[in-house]
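Observations on the three-dimensional arrangement
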Amino acid sequence: NGNGIIETAVDLNGDGRVIGSEILPKGSDECVAFITYPEGNTGFPGTRAVGVDIENHAWAAYWGSKKLYRLDPDTGAVIRTIPMASVFSGHPYGISFDSLGRLWFSGRGSGYNNGLAMVDPNVEPAAVSYWSTPGKHNTYGVAVDVYDRVWLAGGENRKVSRFDPVTQTWLTLDMGGYPYARGVAATVNDDGNARVYVGHHTWSGSCNSSHYVSVIDADSASHLGVIDTASGINARGPVGVAVDSEGFVW
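Residues numbered from 1 in each chain as written. Predicted model: local features only at pLDDT ≥ 70, side-chain atom pairs only at ≥ 80, totals over all residues. Heavy atoms only, no water.

1. Quick word on the packing of aromatic side chains
Summed over all chains, the structure comprises 12 aromatic pairs. Taking the centre distance of 4.6 Å and the plane angle of 70 degrees together, the rings of Y180 and W203 count as edge-to-face. Highlighted residues: Y180 in the loop between strand 12 (169-174) and strand 13 (181-188) and W203 in the loop between strand 14 (194-200) and strand 15 (212-217), separated in sequence by 23 residues. An aromatic cluster of three or more residues is present, and its members are W63, Y93, Y140, Y180 and W203. The residue whose ring lies beneath R48 is W63, and the NZ or CZ to ring-centre distance is 5.9 Å. Geometry around Y93 places R108 over its ring, the cationic atom sitting 5.7 Å from the centre. (Phe/Tyr/Trp six-rings, centres within 6.5 Å; stacked < 30°, edge-to-face > 60°. Helix = DSSP H or I, 4+ residues; strand = E, 2+ residues; numbered from the N terminus. Lys NZ or Arg CZ within 6 Å of the ring centre and 35° of its normal.)

Here's what the structure looks like:
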């Protein structure tokens, strides 16, 4: 508004949370460039999977319609729509991109309608493919590692699966000793080792026992141990997981 100050939500009391009156009313937060509704402001079930491609366009996939939208980064306007319902047995939940610009989705649903979907937007019409998970285990987060292998968290089935798009084969780890497998992130450490991080949290359980991030070697698919997040503010359990450009896990 030209007053020389960025008017945005701030943790005024320093408790590590931005809640209540610390959140500015809709339309008055200057850090929010725009809010867009590709399918209208209809509430649940809305968009669950959102990601940003190499050209800085956001892609949003809607749970109910199983439609994928590419959005203009400056206005949020829909510039491409890709229907997936004819191929996608589950509902789009998480999203990740590979080095070829293809989009990978965790497909989550009832009645074992769980799997992995791939959308190739480089062709017209876009190509959509779908694979069931091993044993049709549940899905949650999804990530693509440096070798374009796709990792799926198994949610309440406590599994993590790796899919090789070249051979179209699966490898599955049983994480039964830990809470539900939720968010997933993949990176390469400074030592050159490829790693995958999986957040564990059981939504019906207490955060007193659901506060771990598993560390997995991406090449051998071996479990290297866990990071205990209970020492952080409020000891919240991890759900979404990401890795920044400096290698820090969020």
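2. Notes on the side chain of T187
Secondary-structure assignment places T187 in strand 13. On the basis of relative accessibility, which here comes to 18%, the residue T187 falls in the buried class. For T187, the residues in contact, after removing those within four places along its chain, are N193, A194, R195, Y197 and V243. (Buried < 20%, exposed > 50% of the residue type's maximum accessible area, 1.4 Å probe, protein only. Contact = heavy atoms within 4.5 Å.)

3. A closer look at the pattern of salt bridges
Where charged atoms from two side chains of opposite charge come close, those side chains can pair. Here the structure, examined in full by the defined rule, presents nine salt bridges. Of the charged contacts, one joins R80 and E124 as a salt bridge, the two residues approaching to 2.9 Å between their closest N and O atoms. A residue pair is termed long-range when its members are at least 10 positions apart, and R80 in strand 4 (residues 78-83) and E124 in the loop between strand 7 (115-120) and strand 8 (127-132) qualify at 44 residues. Each of D53, E55 and R70 takes part in one network of salt bridges that share partners. (Salt bridge = Lys/Arg side-chain N within 4 Å of Asp/Glu carboxyl O.)

4. Observations regarding the sheet that holds strand 16 (residues 222-228)
Pairing within the open sheet is antiparallel, and its four strands lie in the order 13-14-15-16. Pairing within the sheet leaves two strands with one partner each, and these edge strands are strand 13 and strand 16. On average, each strand axis in the sheet is tilted by 25 degrees relative to the strand beside it, whichever way the strands run. Inspection of the sheet shows strand 15 paired to strand 16 by six bridges, in the antiparallel sense. When the sheet's bridge partners are listed, I216 is paired in strand 16 with H223. (Pairing = 2+ DSSP bridges. Axes fitted to C-alpha atoms, helices over the stretch in contact; angles between N-to-C directions.)

5. Considering the sheet that holds strand 4
Pairing in this open sheet of four strands is antiparallel, and the strands run 1-2-3-4 from one edge to the other. In this open sheet, the two edge strands, each paired with only one partner strand, are strand 1 (47-52) and strand 4. Strand after strand, the sheet turns through a mean of 20 degrees between neighbouring axes, direction not considered. For strand 2 (residues 58-62) and strand 3 (residues 67-71), the ladder comprises four bridges, and the chain directions are antiparallel. Residue pairing in the sheet places W59 in a bridge with R70 of strand 3.

6. Observations regarding the pairing of strand 10 (residues 150-153)
Walk down a regular strand and you will see the side chains alternate between the two sheet faces. Residues of strand 10 alternate between two faces, with V150 and L152 on one and W151 and A153 on the opposite face, all of them buried. For strand 9 (residues 142-144) and strand 10, the ladder comprises three bridges, and the chain directions are antiparallel. Note on strand 10: the bridge partner recorded for V142 is L152. Linking strand 9 back to strand 10 in an antiparallel pair, the connection comprises five residues, with D148 at a positive phi of about 65 degrees. Relative to strand 11 (residues 159-164), strand 10 runs antiparallel, the two being bridged by four bridges. In the sheet register, L152 faces strand 11, and the bridge partner there is S161. Hairpin geometry of strand 10 and strand 11 is characterised by an intervening segment of five residues between the two adjacent antiparallel strands and by a positive phi of about 55 degrees at G155.

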